[in-house]
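Notes for the structure review
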Amino acid sequence: MPARDRRRPQRLIRHLLLIALFAALLPATPAVASDAAREQYRQALRHLATGRLADYAALRDALADADYPLAPYLDYHELSRRLDRVTDAEMAAFRTAHGDIPAARTLYARWLRRAGEARDWRRLAANPPEGTDATARCLRLRARLATGDAAAALTEVPPLW
């Protein structure tokens, strides 16, 4: 038997071992489970929209417990629907838990703008805006002026101007 033919079984065994190793590294989640989770997510949004908050909360908790990747967005939608009533503590908890998703920054900026529209100077003074959102930074400076921190606020005006 030529040397080339003797190496074929060894190569085949190596390939099969690599395929088995690769298959072992793939997630074992069946597609059916993710379809069910997607349906639960849609159902949770429907419950939230129709005010069935207990049903929403049950589905939200189940999805969060299952580490469904879109579960944080349920919290985003829930807070968005009552943005005018979200407390500082609730927003801080949301940002701590989900600060890594883009929607967290968006929600926070919207929440600060609402506080500015409501002239809630205490909230604006206590919660710094993120990044380069000029509207939020201006509102915070206005809040600092309104709450008696004028000297510090005025030092921040030139870079913003």
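So, here's what we can say about the structure. (Residues numbered from 1 in each chain as written. Predicted model: local features only at pLDDT ≥ 70, side-chain atom pairs only at ≥ 80, totals over all residues. Heavy atoms only, no water.)

Turning next to the side chain of Arg82. Residue position: Arg82 is located in the loop between helix H4 (71–81) and helix H5 (88–98). Side chain to side chain, Arg82 and Glu78 meet in a polar contact 2.6 Å long. (Helix = DSSP H or I, 4+ residues; strand = E, 2+ residues; numbered from the N terminus. Polar contact = N/O pair within 3.5 Å; in protein donor to acceptor, adjacent residues only side chain to side chain.)

A separate point is H5. Listed in full, the buried residues belonging to H5 are Met91, Phe94 and His98. When H5 is viewed along its axis, its buried side chains cluster within an angular range of 60 degrees and face the same direction. Seen from the open side of H5, the exposed residues pointing more than 90 degrees away from its buried face are Ala89, Thr96 and Ala97. Buried-residue contacts for H5 involve H4 and helix H6 (102–117). (Buried < 20%, exposed > 50% of the residue type's maximum accessible area, 1.4 Å probe, protein only. Arc of directions from axis to C-beta. Contact = heavy atoms within 4.5 Å.)

This part covers the packing of aromatic side chains. Enumeration according to the criterion identifies two aromatic pairs in this entry. Geometrically, the ring pair formed by Tyr41 and Tyr68 is tilted, given 5.9 Å between the ring centres and 50 degrees between the ring planes. Here Tyr41, found in helix H2 (residues 31–49), pairs with Tyr68, found in the loop between helix H3 (53–65) and H4; they are 27 residues apart in sequence, far enough to count as distant. Each member of the pair, Tyr41 as well as Tyr68, is classed as buried. When the ring centre of Tyr108 is taken as origin, the NZ or CZ atom of Arg95, which lies over that ring, is 3.6 Å away. (Phe/Tyr/Trp six-rings, centres within 6.5 Å; stacked < 30°, edge-to-face > 60°. Lys NZ or Arg CZ within 6 Å of the ring centre and 35° of its normal.)

Let us now look at the packing of H6 against helix H8 (residues 134–146). In contact at an axis separation of 10 Å, H6 and H8 are set at 40 degrees when each is read in the N-to-C sense. In this view, H6 runs oblique relative to H8, as classed from their interaxial angle. In terms of crossing hand, the pair formed by H6 and H8 is left-handed. Of the residues in H8, those in contact with Leu112, Arg113 and Gly116 of H6 are Thr135, Ala136 and Leu139. Partitioning the contact of H6 with H8 into residue classes produces three nonpolar, two polar and one charged. (Axes fitted to C-alpha atoms, helices over the stretch in contact; angles between N-to-C directions. Parallel < 35°, antiparallel > 145°, perpendicular 65-115°, else oblique. Left-handed = near helix turned anticlockwise from the far one by under 90°. Nonpolar A, V, L, I, M, F, W, Y, C, P; charged D, E, K, R; others polar.)

Turning to the environment of Tyr108, a few remarks are in order. Mapped onto the elements, Tyr108 comes out in helix H6. Judged by relative accessible area, which is 2%, Tyr108 ranks as buried. Taking the C-alpha atoms as reference points, Tyr108 and Leu83, 25 residues apart in sequence, are found 9.7 Å from one another. Leave out the neighbours within four places in its chain, and Tyr108 touches Met91, Arg95, Asn127, Pro128, Pro129 and Glu130. Reaching out from Tyr108, the side chain makes a polar contact with the backbone oxygen of Pro128 at a distance of 2.7 Å.

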